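Residue strings, one per chain:
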Amino acid sequence: MFGLGKLMGEKPGVGGHDPWKGRLAFGAIVLVSAYFAVQLIVTLQTLWLLIFGAIVVSVILRALADPIVRWLKAPDPLAVFLSLLIVVAVLAGVLTLFGTQITEQVVALSAVVPEGWNQVQSWIQAQPYAAQLFDQIQGLGDRAGQALQVAQKFALGFASGVTTLLLVVVAGVFLAIEPAKSREGLLSMLPMDRRPRMREVLNSCGKALKGWLKAQLFSMVLVGTLTGVGLAIIGVPSALGLGLLTGLAQFVPIVGPIVSTVPAVLVGATQGWQTALMTLALYVVVSQLESNFITPMVQKNVANLPVVLGIFAVVGIGTLFGPLGVLFATPLALVLHTLITMLYRQDVLGDPKAKAPGEK
């Protein structure tokens, strides 16, 4: 074609067929297929994340169901149903014991946080040579107001979010009932000789997720409790609501703890600058305890993700998929880390020291 065969020293095929035509056609097909594959991934990005969310739900339920199967010899559907009842019972118990207080304190936060912001601005204005700094803070306040408008739009879509969450939970329940069937259905699309290895890889991904979720849940409860008790001792209003917010924010490493610190400091500012400083100090101390003692303790023998990978995962996946991506960034990065380690470092590079998070 265009004399390329002669330049490359290739002999024309039988009947004068030019082998470059076949190569160019194959390359064009690959490029077009890759383009449409990327478009499919981007267009259906929310669907992929919801599927992954259903997998996370199924892993949580299986973590509770597996001991029931071992101890009570119960069938999988009954064990998953009992696991779901346990989760619902725990949530119902928390709401029964603390629901009224949590609701009142969360509602109070919406009024106290702006008051704290005004107090911070007053302190800054009272300082000499603070005009330029105040302009910067005012600009930050304007951006915070825009963020609140986004939050209000998010709140308006709460009903839709609840519906989506229910769909994810239902899908997760069905996945948890027959995880092996779902796994084998996925493996059926692969060549026979590749299925045993991929089965091992998928099992390692499941173990990695299960170990990380157990450790993360323990860390969330402990950090939320320490923060709530500490805020109550300091005398910060709505300590229970802020502790709950801090515990839930712990699910998103790096970003979550930083975001949960801001409203707590603003609420503390309503009681005076000393309380605001003590609140900030409390969050710094709890953060250090979490990163240096709590997390290493609870993740000692379970799957763990390197801190650097966790940071880039939150930024990168959050940029690609938005808030939902930030929520699932760490567990998704953990699964990708396991896949890359086993399928590339072990199988392609033959690295004997490479060990995936979910491997024994």
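Residues numbered from 1 in each chain as written. Predicted model: local features only at pLDDT ≥ 70, side-chain atom pairs only at ≥ 80, totals over all residues. Heavy atoms only, no water.

Here's the deal with the overall build of the protein chain
Then step 1. In terms of regular secondary structure, the protein chain is built from 13 helices and zero strands.
Then step 2. Here the protein chain holds 360 residues, and the buried ones make up 33% of them.
Then step 3. Of the contacts made within the protein chain by residues no fewer than 6 positions apart, 62% connect residues no fewer than 24 positions apart.
Then step 4. Total accessible area on the protein chain is roughly 22,300 Å²; 72% of this is exposed by carbon and sulfur atoms. (Helix = DSSP H or I, 4+ residues; strand = E, 2+ residues; numbered from the N terminus. Buried < 20%, exposed > 50% of the residue type's maximum accessible area, 1.4 Å probe, protein only. Contact = heavy atoms within 4.5 Å. Areas by Shrake-Rupley, 256 points an atom, 1.4 Å probe, with all protein chains shown as cover.)

Description of the nonpolar core
Then step 1. Core analysis: the biggest nonpolar cluster contains 24 residues, and Phe52, Leu213 and Phe251 have the highest contact counts within it.
Then step 2. Going through the elements one at a time, helix H3 (45-72), helix H8 (195-234), helix H12 (307-321) and helix H13 (323-346) are the ones with two or more residues in this core.
Then step 3. Not counting residues within four places of it along the chain, the set of residues in contact with Leu213 comprises Val56, Val59, Ile60 and Phe251. (Core = buried A, V, L, I, M, F, W, Y, C linked by side-chain atoms within 4.5 Å.)

Some details on the UniProt feature "transmembrane region" (unreviewed entry) in the protein chain
Then step 1. As recorded in UniProt, the feature "transmembrane region" (unreviewed entry) lies at residues 20-41, 47-65, 77-98, 154-177, 217-236, 248-269 and 307-336.
Then step 2. From the first C-alpha to the last, residues 248-269 spans 23 Å; its make-up is 77% helix and 0% strand.
Then step 3. As a span, residues 307-336 carries 97% helix and 0% strand, and end to end its C-alpha atoms are 15 Å apart. (UniProt positions renumbered as here; feature names shortened; annotations may be inferred.)

Digging into the layout of surface pockets
Then step 1. Space inside the second largest pocket adds up to approximately 1,400 Å³.
Then step 2. Put simply, the parts of the chain that give the lining of the second largest pocket at least two residues each are H3, helix H6 (158-177), helix H7 (179-187), H8, H12 and H13.
Then step 3. With 10 residues, H3 is the largest single contributor of residues to the lining of the second largest pocket.
Then step 4. Looking at the lining of the second largest pocket, its residues break down into 25 nonpolar, six polar and six charged. (1 Å grid on protein atoms, 1.4 Å probe; cavity = no way out; pocket = protein on both sides within 12 Å on 5 of 7 lines; lining within 4 Å. Points joined across faces, edges and corners; volume = space filled by probe spheres on them. Nonpolar A, V, L, I, M, F, W, Y, C, P; charged D, E, K, R; others polar.)

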